[in-house]
Amino acid sequence: MLKNPFTPVFGGKPTVFFGRTLILSRFDQAFVDQGSEYRALFVTGTRGSGKTALLEQLSNRAQRKGWRVIDLGPENTVSALVRRIAGHDEITKTVDPQVSINVFGTGGSVGGVSTSRTTHADRSDLDLLLIDACAHEAKGIMVTIDEIQKVSEEDVSAISNAFQMASRKGCEAILVVAGLPYSHEAVIAYRGCTFMRRCVHQRLGLLDRLEVSQALSDVPRSMGVVLQDSLLHALIDASYGHPYMVQLLGYHLINRVNEAGGANPYHATQKDVNTAIERAVEAYKRRALDPMVAELAPAERAYLTAAAKVLNNERTASVSDICRLMGKDSKQTSPSRDRLLKTGLMLAPARGKLMFTVPYLADFLLTPSDEQCEVERLRMWGV
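So, here is what we can say about the structure in this document. Note that the coordinates shown come from a computational prediction; the quantities given were computed from them, not determined experimentally. (Residues numbered from 1 in each chain as written. Predicted model: local features only at pLDDT ≥ 70, side-chain atom pairs only at ≥ 80, totals over all residues. Heavy atoms only, no water.)

### Some words on the sheet that holds strand S1 (residues 40-44)
Here 5 strands make up an open sheet; going across it, the order is S2-S5-S6-S1-S7 and the pairing parallel. In the strand order of this sheet, the two ends are held by strand S2 (68-72) and strand S7 (200-203), each with one partner. Averaged over all neighbouring strand pairs, the angle between strand axes comes to 15 degrees, with direction disregarded. Pairing of S1 with S7, which is carried by 4 bridges, proceeds in the parallel orientation. Pairing of Phe-42 across the sheet is with His-201, part of S7. Lying over the sheet, helix H1 (residues 21-30) contacts S1, strand S5 (141-145), strand S6 (173-179) and S7, oriented at roughly 155 degrees with respect to S6. (Pairing = 2+ DSSP bridges. Helix = DSSP H or I, 4+ residues; strand = E, 2+ residues; numbered from the N terminus. Axes fitted to C-alpha atoms, helices over the stretch in contact; angles between N-to-C directions. Contact = heavy atoms within 4.5 Å.)

Written out as structure tokens, the structure is:
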């Protein structure tokens, strides 16, 4: 049985990483170029676009180059960073005679014998701690923060100020944060977050056909699974370039090969590919689309559904058609439209036009739910 290298798990560490070569190339340069703008990177994208996978890839590359890496989540971010840098919350400093004190919020000078002072380190000490930690690292320190939209404004401000001071002092420090599409606009508006405004904003879009081809052809081939060009193209088309969908397709293809015996070499059949696509799409709807739609406000869900109903052959929806179908004017529906644009679920390719950015979402919205189907079954039997 073949060990499946594809890992379609949200927020998990992917065994197979594909695409984003330009970002990786520019980031590699940042390790040796202190003036690189990629030393401050803000990654945004919709769920399943590969933000967490990219953070993990960047983290691994930094570690291989000898950098100290601190990976953080959205909970108690500054406290966690202080503990990781200092090793503990309490800091003791020994002060020599006649030396001015300017550590952790104290000031003035002392004379006579040496004295020691213990203080509790908090967000106000982060800049000093970061600078001191960088000075003791052979290469430098890289900090990554996932789901930045969930981090408190106070913590984001403290981190921003700390990295701004580290940059001013010439420290070897890199900051990479990731969040949903609307998080960039929100975070750079926080007070005291000037540094965040200078970050490179990298929006993660869809993968191109070559990147998807490499993932769904090269990886299976390395395991002895051979795909005809027509079958490979069917998988590529089904992915729509969405990273999470690519992982699902690869995962279900390998599972299907194992079900069929997994001989080496194994020449995939049309049935294998059709089964993989069917299972991947079903899993994508259940794992990605269902939770995504459930998080929407009723007005936003209604707007998306109306947009799905008026899509034309170019897969765009006219704003006027959406309003007409909903029986409302543009002023009444604009809050929902603006929110959907900010969250990255829709895109405005031209004035008065909208399009979906998440594959299968439009069709999913028009498919009756299990609850609706059950109601229809009850009606059919006269219950």
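### Some remarks on the sheet that holds strand S10 (residues 317-318)
One open sheet accounts for 3 strands, arranged S10-S12-S11; its pairing is antiparallel. Whereas interior strands pair on both sides, the edge strands pair on one side only; in this sheet they are S10 and strand S11 (346-350). Bridge analysis of S11 against strand S12 (residues 353-356) gives 3 bridges, and the strand direction is antiparallel. Note that in S12 the partner of Leu-347 across the bridge is Met-355.

### Focus: the environment of Asn-76
Following the sequence through the fold, Asn-76 ends up in the loop between S2 and helix H3 (77-86). Asn-76 sits 75 residues away from Val-151 along the chain, and the two C-alpha atoms are 7.8 Å apart.

### A few points about the pattern of salt bridges
The final tally for this structure, using the stated rule, is 12 salt bridges. Put simply, Arg-61 and Asp-28 hold a salt bridge, and the shortest N to O gap is 2.7 Å. Here Arg-61 is found in helix H2 (residues 51-64), whereas its partner Asp-28 is found in helix H1, with 33 residues between them in sequence. Overall, the relative accessible area of 18% leaves Arg-61 in the buried class. A relative accessible area of 22% means that Asp-28 is categorised as partly exposed. A salt bridge links Arg-256 to Asp-272; the shortest N-O distance between them is 2.8 Å. Linking Arg-256 in helix H10 (residues 243-259) with Asp-272 in helix H11 (residues 270-294), this pair joins segments that are 16 residues apart in sequence. (Salt bridge = Lys/Arg side-chain N within 4 Å of Asp/Glu carboxyl O. Buried < 20%, exposed > 50% of the residue type's maximum accessible area, 1.4 Å probe, protein only.)

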